[in-house]
Amino acid sequence: MSVRVRIAPSPTGFFHIGTARTSLFNWLFARRHGGQFILRIEDTDRQRSKPEFEQQIMDAMTWLGLDWDEGPSTGGPHGPYRQSERDATYNPFIEQLIERGLAYRCDMTTTALDALREAQKARGETPRYDRRNRDKNLGPDIGDHVVRVKMPTEGAIVVDDLVKGPVTFDAEQLDDWIIRRSDGSPTYNFVVVVDDHLMNITHVIRGDDHLNNTPKQQVIYQLMGWDLPKFAHLPLILDYKGRKLSKRQNVIKTLVHEHREDGILAEALVNYLTRLGWAHGEMEEFSTDESAAVFTLEAINKTGARWDMDKLMWLNQRWIQRLPIDELAKRVQPFFEKAGVTVDERLPAVLTSLQERSQTLVDFVEKGRFYFIDDDAVEHDPAAVKKFLKVSTGPLLRALIAELEPLEDWTEDTIQAVVDRFLAEKELKLGKIAQPIRVSLTGSKIGPGLYETLVAIGKDHAIARLVRGAALCEARAQRNQA
Ligand code: GLU
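Values in this document were obtained by computation on a predicted structure and should not be read as measured data.

Conventions and cut-offs
- Residues numbered from 1 in each chain as written.
- Predicted model: local features only at pLDDT ≥ 70, side-chain atom pairs only at ≥ 80, totals over all residues.
- Heavy atoms only, no water.
- Helix = DSSP H or I, 4+ residues; strand = E, 2+ residues; numbered from the N terminus.
- Rg over C-alpha atoms; globule rule 2.2 N^0.38 Å.
- Buried < 20%, exposed > 50% of the residue type's maximum accessible area, 1.4 Å probe, protein only.
- Contact = heavy atoms within 4.5 Å.
- Areas by Shrake-Rupley, 256 points an atom, 1.4 Å probe, with all protein chains shown as cover.
- Lys, Arg positive; Asp, Glu negative; His and termini not counted.
- Charge placed at Lys NZ, Arg CZ, Asp CG, Glu CD.
- Phe/Tyr/Trp six-rings, centres within 6.5 Å; stacked < 30°, edge-to-face > 60°.
- Lys NZ or Arg CZ within 6 Å of the ring centre and 35° of its normal.
- Arc of directions from axis to C-beta.
- Near = heavy atom within 4 Å.
- Polar contact = N/O pair within 3.5 Å; in protein donor to acceptor, adjacent residues only side chain to side chain.
- Nonpolar A, V, L, I, M, F, W, Y, C, P; charged D, E, K, R; others polar.
- Expected span 1.5 Å × (residues − 1).
- Core = buried A, V, L, I, M, F, W, Y, C linked by side-chain atoms within 4.5 Å.
- Pairing = 2+ DSSP bridges.
- Salt bridge = Lys/Arg side-chain N within 4 Å of Asp/Glu carboxyl O.

Looking at the overall build of the protein
Working step 1: Scanning the protein for helices and strands turns up 19 helices and 11 strands.
Working step 2: Taking 482 residues into account, the globule formula puts the C-alpha radius of gyration at 23 Å, and the protein, at 32 Å, lies well above it.
Working step 3: The principal-axis extents of the C-alpha atoms in the protein amount to approximately 105 × 50 × 35 Å.
Working step 4: Out of the 482 residues in the protein, the part that is buried amounts to 50%.
Working step 5: In the protein, the proportion of contacts linking residues at least 24 apart, taken out of those at least 6 apart, comes to 75%.
Working step 6: Approximately 23,100 Å² of the protein is accessible, and the part contributed by carbon and sulfur atoms is 49%.
Working step 7: In the protein, 64 side chains carry a positive charge and 72 a negative one; their mean positions are 5 Å apart.

With respect to the packing of aromatic side chains
Two numbers describe a pair of aromatic rings. These are the distance of the centres and the angle of the planes.
Working step 1: Counted under the stated rule, the structure contains 9 aromatic pairs.
Working step 2: Plain terms: the ring middles of Phe93 and Trp226 are 5.3 Å apart, the flat faces sit at 85° to each other, and that makes the pair edge-to-face. Of the two residues, Phe93 is situated in helix H3 (residues 87–99) and Trp226 in the loop between helix H6 (214–224) and strand S9 (230–234); the sequence distance between them amounts to 133 residues.
Working step 3: Looking at Trp226, the relative accessible area reads 14%, which means it is buried.
Working step 4: Ring pairs connect the aromatic residues Phe25, Trp278, Phe286 and Phe295, which therefore count as one cluster.
Working step 5: Positioned over the ring face of Tyr129 is Arg148, at 3.6 Å from the centre of the ring.
Working step 6: The side chain of Arg322 reaches across the aromatic face of Trp319, ending 4.0 Å from its centre.

A short note on helix H12 (residues 347–354)
Working step 1: For H12, every residue scored as buried is listed here: Leu347, Val350, Leu351, Ser353 and Leu354. Across the axial projection of H12, the buried residues extend over an arc of 160°, all falling on one side.
Working step 2: Tucked into the core, H12 has its buried residues touching helix H11 (325–338), helix H13 (361–372) and helix H18 (450–457).

Here's the deal with the site of the ligand
Working step 1: The immediate surroundings of the ligand are formed by Arg6, Ala8, Pro9, Ser10, Glu42, Tyr188, Val192, Arg206 and His210.
Working step 2: In the environment of the ligand, a nitrogen atom lies 2.8 Å from a nitrogen or oxygen atom belonging to the backbone of Ala8.
Working step 3: Interatomic distance of 2.9 Å between a side-chain N/O atom of Arg206 and an oxygen atom of the ligand.
Working step 4: Protein contact buries 79% of the 300 Å² of open area that the ligand shows by itself.
Working step 5: Partitioning the shell around the ligand into residue classes produces 4 nonpolar, 2 polar and 3 charged.

What to know about helix H19 (residues 459–481)
Side chains of residues three or four places apart in an α-helix project in the same direction, reflecting 3.6 residues per turn.
Working step 1: Here H19 spans 33 Å end to end across 23 residues, near enough to the 33 Å set by a 1.5 Å rise per residue.
Working step 2: Restricting attention to buried positions, one finds in H19 the residues Ala462, Ile463, Arg465, Leu466, Gly469, Ala470 and Cys473.
Working step 3: Looking at the buried positions of H19, the neighbouring elements they touch are H13, helix H15 (393–404), helix H17 (431–442) and H18.

Structural notes on the side chain of Arg131
Working step 1: Note that Arg131 resides in the loop between helix H4 (110–122) and strand S4 (146–149).
Working step 2: The class for Arg131 is buried, based on a relative accessible area of 18%.
Working step 3: A polar atom in the side chain of Arg131 sits 3.0 Å from the side chain of Asp176.
Working step 4: What Arg131 contacts, discounting residues up to four positions off in sequence, is Tyr104, Met151, Pro152, Thr153, Leu174, Asp175 and Asp176.

Section: the nonpolar core
It is characteristic of soluble globular proteins that their nonpolar side chains tend to be buried jointly.
Working step 1: Grouped together as the largest cluster of nonpolar side chains are 100 residues, with contacts concentrated most on Trp307, Leu404, Ile437 and Leu454.
Working step 2: At 8 residues, the largest contribution of residues to this core is made by helix H1 (residues 17–32).
Working step 3: Setting aside residues up to four positions removed in sequence, Leu454 forms contacts with Trp410, Ile415, Ile437, Leu441 and Ala462.

Quick notes on the environment of Gln56
Working step 1: Summarising the element assignment, Gln56 is placed in helix H2 (residues 51–64).
Working step 2: We classify Gln56 as buried; its relative accessible area is 15%.
Working step 3: Those residues in contact with Gln56, other than ones at most four positions away along the chain, are Phe14, Phe15 and His257.

What to know about the pairing of S4
Working step 1: On S4, burial covers both faces: Val146 and Arg148 on one face and Val147 and Val149 on the other are all buried.
Working step 2: Of the pairings in the sheet, the one linking strand S3 (residues 103–106) to S4 comprises 4 bridges and is antiparallel in character. Of the residues in S4, the one forming a bridge with Cys106 is Val146.
Working step 3: Inspection of the sheet shows S4 paired to strand S7 (residues 178–180) by 2 bridges, in the antiparallel sense. Residue pairing in the sheet places Val147 in a bridge with Arg180 of S7.

Quick word on the pattern of salt bridges
Working step 1: What the rule picks out here adds up to 36 salt bridges.
Working step 2: The shortest N-O distance in the salt bridge between Arg134 and Asp176 comes to 3.0 Å. Taken as a pair, Arg134 in the loop between H4 and S4 and Asp176 in the loop between strand S6 (165–170) and S7 lie far apart in primary sequence, 42 residues in all.
Working step 3: With a relative accessible area of 0%, Asp176 lands in the buried category.
Working step 4: Here Lys311 and Glu284 are joined by a salt bridge, their closest N and O atoms 2.9 Å apart. Placement of Lys311 in helix H10 (residues 309–322) and of Glu284 in the loop between helix H8 (266–275) and helix H9 (288–294) is noted, with a sequence separation of 27 residues between them.
Working step 5: The exposure class of Glu284 is partly exposed, given its relative accessible area of 25%.
Working step 6: Look at the salt bridges and you will find they share partners, linking Arg6, Arg40, Glu42, Arg86, Asp195 and Asp196 into a network.

Put into structure tokens, the structure is as follows:
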């Protein structure tokens, strides 16, 4: 039987890194076994589900390269793939369970239920529904009611998990939970079983936080007489200190689009998530082709995986270094645009010069914006000006400009030859002139190699900026006189 797996996100918020990792592991497993990966939108919470979140989920998955074989917009033989469009599918199964005496209507009010729970708590018992209507066979005419499933009252329910091994749940701990609410809508634990069954899902790979739901779901499979899929529950993603990631924490960015906006490459984020709780020997760097070729559920760690931002940044830098310049240019362009910087034909040279030293796409903008701004818009760091654009530097810069201006072939070698000759004639060391040039060109005393910067800026712009640098030195001379 061919492997069929799914991701079933709820469109109630932005695409989370936890869901991204679960999607990725499902995707890798499907690719490894030549199977299918299905996207199913779990919009059972009608109030909180929003079409824009559904779109955002699909955009984020597409950006990550996690393509799906069947889904809401793609279609497929088992649709619809949005739960809100499947109400007609679920109800006959619920009616069937009632008819077979395996589920029942219950008209206990929430007020009565609350009172029961309070009394149980006061007696030190676990609060739960007491099954009072289990055997009354109440009909559809009782008014407001829910439908509950008859769970086993004793014995054990064992979830044979591919990651965790067998996990035993005591039947006594599980009450007759609701499969259909009083408004007629079926609940998650019920619809997920129906959908997974009808969509021929072979492996349910999902977050650890669903492990407690699995015994409930297994009972539905048994009552319906359906084969169980295999289950694999992924350990949670933890923060730096090993704590569960919570919505309140704001140290780790938990949304995929936040990383994208920070200039993380999709390849790097996917690589990072691949290694977050899964390993193949000592290997750290994986393309999805490489990891899909060796991916197994057995190699998933049993314990939670700690988020490590330094590692993500390291991987991002590695992936940036691998990108061909034209591809890098495509990825970087939107970041320049967002920063209001218009790039031009110098972009490839600029990127080449920054590629080794940039960890994110945003870095390229921060380090590269000075190339593209107007020459008279370069902002000079006052401390750098004070230190390097001194009164005595003005004449040196002027003399160097005069040497550089006639240069027709503007390359690192030709520029260096001019500078070397200039320094030799004046009996000066490069240190005397290097920082004044850099500060004039970039405004700052830190930057890439001097000659590559001169080349990447281009001759006319470089000369114009050197002239401004010289003028700054001269302005100081005037101020000193005044
Ligand atoms: N809608 C659930 C979630 O987003 C999916 C649970 C499952 O995979 O069964 O966590």
